[in-house]
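Residue-level structure breakdown
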Amino acid sequence: MLVALSGTPGTGKTSVSALLQNKGYTIINLNELAVDKGFVTGIDRKRNSKIIDIGGLNEYINDFCKTKEIVFIDGHASHLLSIVENVILLRCHPRELRNRLQKKDWPLEKIKENVDAETLDVILCEAVECYPEEHIFEIDTTNKTIKFVLLSVMEIVNSNFKLTKKYKIGKIDWSEEILKDF
Ligand SMILES: Nc1ncnc2c1ncn2[C@@H]1O[C@H](COP(=O)(O)OP(=O)(O)OP(=O)(O)O)[C@@H](O)[C@H]1O
Ligand SMILES: [Mg+2]
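Residues numbered from 1 in each chain as written. Chains lettered and ligands numbered in written order. Predicted model: local features only at pLDDT ≥ 70, side-chain atom pairs only at ≥ 80, totals over all residues. Heavy atoms only, no water.

As a further point, take the packing of aromatic side chains. Under the counting rule described, the total for this entry stands at four aromatic pairs. Where tyrosine 25 meets phenylalanine 72, the ring centres are 5.4 Å apart and the plane angle is 80°; that geometry is what we call edge-to-face. Of this pair, tyrosine 25 sits in the loop between α1 (13-22) and β2 (26-29) while phenylalanine 72 sits in strand β5 (residues 71-74), and the two are 47 residues apart along the sequence. With 5.8 Å between their ring centres and 75° between their planes, phenylalanine 137 and phenylalanine 161 make a pair best called edge-to-face. Of this pair, phenylalanine 137 sits in strand β7 (residues 136-140) while phenylalanine 161 sits in the loop between α7 (146-158) and α8 (176-179); the two residues are 24 residues apart in sequence, bridging distant segments of the chain. For the pair phenylalanine 137 and phenylalanine 161, one class covers both residues: buried. Taken together, the ring pairs connect Phe39, Tyr60 and Phe64 into an aromatic cluster. Looking at lysine 110, its charged tip hangs above the ring of tryptophan 106, at a distance of 4.5 Å from the centre. (Phe/Tyr/Trp six-rings, centres within 6.5 Å; stacked < 30°, edge-to-face > 60°. Helix = DSSP H or I, 4+ residues; strand = E, 2+ residues; numbered from the N terminus. Buried < 20%, exposed > 50% of the residue type's maximum accessible area, 1.4 Å probe, protein only. Lys NZ or Arg CZ within 6 Å of the ring centre and 35° of its normal.)

Next comes the structure, spelled out in structure tokens:
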């Protein structure tokens, strides 16, 4: 079973993936795979990010991942793949996200763009367009340790991806942050 582990950059996908890997799960890092296997089709200069061929990656992963075991796909575009069964979205309050992204040494504009994207639920909106709500799980990582986030992911896995109130989309709302710019 393929599971997308998505979320705005800085929400902790790779950090939690490392802990999942320690537990024996297979992790595919979508960006690294795109680079290694030639699925980068260009560079978005304005955003300072790679443009990846999602359709090509979809086919590629589908061909080599015919397994019943859970495989997590770490990447902020993984929710756009059509081959995953479930989507786990990591969320983070914009203020904390800004602090985390400042450690990445990115240009201020790129940090702001990602903080704005988190504030405006951009990834959640995209996921909802691709998958039915009962296959989307949200985890709020604000003020949580990476280990705590791991336990949340494990809770979802152990429930066999049965959606409960706790992880249901629609509870996280950063909209009050929008008004702070005015
Ligand atoms: N739960 C957490 N609490 C505090 N800091 C965290 C947490 N999760 C991640 N971080 C920190 O935030 C930063 C970004 O984490 P990470 O690289 O795992 O995010 P990501 O979602 O994989 O981002 P990207 O999409 O850019 O790869 C790192 O410095 C990491 O140590
Ligand atoms: Mg990452």
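Let us look at the site of ligand 1. Surveying the vicinity of ligand 1 reveals 14 residues, the closest of which are Lys13, Thr14, Ser15, Lys104 and Lys144. The backbone of threonine 11 places a nitrogen or oxygen atom 3.4 Å from an oxygen atom of ligand 1. At 2.8 Å from a nitrogen atom of ligand 1 is found a main-chain nitrogen or oxygen belonging to lysine 144. Across the complex, the protein chains shield 74% of the 630 Å² of accessible surface that ligand 1 would expose by itself. Per-element accounting of the shell around ligand 1 gives the leading share, three residues, to α1. Across the shell around ligand 1, the residue classes tally to three nonpolar, seven polar and four charged. (Near = heavy atom within 4 Å. Polar contact = N/O pair within 3.5 Å; in protein donor to acceptor, adjacent residues only side chain to side chain. Areas by Shrake-Rupley, 256 points an atom, 1.4 Å probe, with all protein chains shown as cover. Nonpolar A, V, L, I, M, F, W, Y, C, P; charged D, E, K, R; others polar.)

So, about helix α6 (residues 122-130). Those residues of α6 that fall on the buried side of the exposure criterion are Ile123, Leu124 and Ala127. Taken end-on, α6 shows its buried residues confined to a sector of 100°, consistent with a single buried face. Along its buried surface, α6 packs onto β1 (2-6), β6 (86-91) and β7. (Arc of directions from axis to C-beta. Contact = heavy atoms within 4.5 Å.)

Taken together, five strands build an open sheet; the order of strands is β2-β5-β1-β6-β7 and the sheet is parallel. Two strands in the sheet have a free side with no partner beyond their single neighbour: β2 and β7. For this sheet, the mean inter-axis angle between neighbouring strands, taken without regard to orientation, is 25°. Pairing of β2 with β5, which is carried by four bridges, proceeds in the parallel orientation. When the sheet's bridge partners are listed, isoleucine 27 is paired in β5 with phenylalanine 72. Sheet strands touched by α6: β1, β6 and β7. Its angle to β6, the strand with the most contacts, is close to 170°. (Pairing = 2+ DSSP bridges. Axes fitted to C-alpha atoms, helices over the stretch in contact; angles between N-to-C directions.)

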